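In case you want the letters, here they are:
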Amino acid sequence: MDFNVKKLASDAGVFFTRAVQYTEEKLGQAEKTELDAHLENLIARADCTKNWTEKIFRQTEVLLQPNPIDQTGARIEEFFYEKLDRKIPSRTTNAELLGQYMQDAAKEFGAGTPYGSTLITVGEFQRRLGGAEREFLQMSAINFLTPLRNFLEGDWKTISKERRLLENRRLDLDVCKARLKKAKLAEAKAACEGDAAPDFQETRPRNYVLSASASALWSEEVDKAEHELRVAQTEFDRQAEVTRLLLEGISSTHVNHLRCLHEFVEAQAAYYAQCHKHMQDLQKELSSANGDTFPNAFAVNASTSGVTAGPSPLSTDTLTGASPPSRPPNPSNALESSTLKIEEVKPPATGTRKAKVLYDYDAADTSELSLLADELITVYTVPGMDPDWLIGERGNQKGKVPVTYLELLS
C-alpha cells in the first residue's frame, strides 16, 4: 500500500490553517478578502436559481404524481432502470385501471342491460382519458422535468465544486497575507533592536551577533511569505475567473428553462383540451343513449354549473336577525325556463300586489329576479306556475321570485 505520510501531514496542516483562518474571520480577529461586486451578484443569482428550480421541480413531481407514497415502488423501479440505462416501461394510469374495472363489471352485469352498456361506454372513455394522461406525463417528464433535473444534478454540482475550491483559495490567500504581515512586524522589531549599539560593559558581544542574525532570518522569512502570497493571489484570481465563467452560464440556463416551460404549458393545454373533448363526446353519447330514461340530465347540469349559489343559511336579516329560509325546491326550473318566457309575460289587469323583500336573494339563472332586503316590488301570478314562486317586477326588470322571501302587502 502506497501510504504517503508526508503528503497526509501536509494536507492536514493546510486544513488546520484554513480552519484557524475561517474561525478567526468569524470571530472578527482576522481580515477577509472580499469578492468583487459582480462575482457576488452572480453567486446570489445562482443560489436563487438553484433554490427555486429545486422547489419547482419537486412541486411538479407532486403535480404529476399526487400520491408519492403509493408510487414508492414505482420510483424505485424507475431509479434502477435509469442506472441500468434502460427504457422505463409505461404503466397503467388510474383512469385506465378504472375503465378496465368498469368494462369487467359490465361483463358480469350483462352488456345488454342499460347499466352494463353504460359501464362499457364510460369505461372506454375512462381508458381514453388515461391514455391522454399517460402521454401528458411522458411529455412533461421529457420536456420539463429532465432539463431541471440535469441542471440540479449536473451543472449545479460543478458550480458548487468550483465555489468550494474558490473559498479554499481565498482562505489560503488570507493565510498568506496574515503570515506576511506577522513576518514584516517581526522583521521591523528585530531591525529596531539591531540598530541600537551594544554596550560591551553591560552586555556580551554575542548579543549583537544574535540580533543581527535574527534580522537576517526575518528578512528571509518576509521574502518567502511574499513569494507565497504572489502564488496564492495568482491561484485565487485564476479560480475566481473559472467560477465567474460558470456563474455567467446561469443566463443560458434561464433561457433553456424558459423554453422548457413553454413546452410544458403546451403539453398541459393539449392534455386538458383532449380531456374536455373526451368528456363532451361521452356526455353526448350518454345523452343520446339514455335520453328516454334520464331526460335533460346533462342539460340541467350544464345550465346550473358555475352559477352563483343562493343565500347562505348562516346569513341573517339586517333588521330582524332571523335566518332567511332555504331556497324553495324547484326541480322543474330548467323545464319551466324553456316553456315560460319571462319577457313575454304581461301583468294581469287585476291581481297585482306590492311585496316587501325580507332577505337578500341571488338569482340562479336569467329567469329569476335578484332581490335586496327591505325593497318593495310588484308581484303577481300566472296560470300554470309553481305556487312557491311569483312573478316580480322592479322598474324594467322582471323575473321569478320565491314566495318565502317576501311579505305580501295590501
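Basis of the calculations
The written sequence of each chain sets the order in which its residues are numbered from 1. With the structure being a predicted model, the display of local features is reserved for residues of pLDDT at least 70 and the display and counting of side-chain atom pairs for 80 or more, all residues being used for whole-chain, interface and lining totals. To obtain the side-chain values, all non-hydrogen atoms of the structure were used and water was disregarded. Only DSSP runs of H or I covering at least 4 residues are called helices, and only runs of E covering at least 2 are called strands; the numbering of each starts at the N terminus. Using a 1.4 Å probe on the protein chains alone, a residue whose accessible area is under 20% of its type maximum counts as buried, one over 50% counts as exposed, and one in between counts as partly exposed. Only heavy atoms enter the contact rule, under which two residues are in contact if any of them lie within 4.5 Å. Calculation of accessible area relied on Shrake-Rupley with a 1.4 Å probe; when residues are assessed, cover is drawn exclusively from the protein chains displayed. One requirement defines pairing of two strands: DSSP has to find at least two bridges between them. The axes used here are C-alpha line fits, helices contributing only the stretch in contact, and every angle between their N-to-C directions lies in the interval 0 to 180 degrees. Salt bridges are defined as contacts in which a side-chain nitrogen from Lys or Arg sits within 4 Å of a carboxyl oxygen from Asp or Glu. Buried Ala, Val, Leu, Ile, Met, Phe, Trp, Tyr and Cys residues form a nonpolar core when they are joined through side-chain atoms within 4.5 Å.

## Observations regarding the overall build of the protein
The helix and strand inventory of the protein stands at nine helices and five strands. When the helices and strands of the protein are listed from N to C terminus, the series reads α-α-α-α-α-α-α-α-α-β-β-β-β-β. For the protein, with 410 residues in total, the buried portion stands at 29%. For the protein, long-range pairs separated by at least 24 residues make up 70% of all intrachain contacts whose partners lie at least 6 apart in sequence. Of the roughly 26,900 Å² of accessible surface on the protein, 57% is carried by carbon and sulfur atoms.

## Thoughts on the sheet that holds strand E2 (residues 376-380)
Within the open sheet, the five strands sit side by side as E4-E3-E2-E1-E5. Their pairing is antiparallel. Strands at the two margins of the open sheet, each flanked by one partner only, are strand E4 (397-402) and strand E5 (406-408). For this sheet the average axis-to-axis angle between neighbouring strands, irrespective of direction, equals 40°.

## Topic: the environment of Ala-111
In this structure, Ala-111 sits in the loop between helix H4 (94-109) and helix H5 (114-195). Excluding residues within four positions of it along the chain, Ala-111 makes contact with Ala-106, Gly-116, Ser-117 and Ile-120.

## Thoughts on the pattern of salt bridges
One pass over the structure, following the stated rule, counts 17 salt bridges. In this structure, the salt-bridge partner of Asp-281 is Lys-277, at a minimum N-O distance of 3.1 Å. With Asp-281 and Lys-277 both in helix H7 (residues 250-289) and four residues apart, the pair spans about one turn of that helix. Taking the relative accessible area as the measure of exposure, Asp-281 reaches 24% and is therefore partly exposed. Here Glu-393 ties to Lys-398 by a salt bridge, and the two come within 3.7 Å at their closest N and O atoms.

## Description of the nonpolar core
Leu-35, Leu-39, Phe-136, Leu-166 and Leu-247 are the most contacted members of the largest nonpolar core, which totals 36 residues. Listing elements by their share of this core, those giving two or more residues are helix H2 (37-64), H5, helix H6 (205-248) and H7. In contact with Phe-136, not counting residues within four places along its chain, are Leu-64, Phe-264, Ala-267, Gln-268 and Tyr-271.

## As for the pairing of strand E1 (residues 353-357)
Successive side chains on a regular strand alternate, one facing one side of the sheet and the next facing the other. Sheet analysis places E1 next to E2, joined by four bridges and oriented antiparallel. Bridged to Lys-354 within E2 is Thr-378. Examined bridge by bridge, E1 and E5 share three bridges and lie antiparallel to one another. Considered in E5, the bridge of Ala-355 is made with Leu-408.

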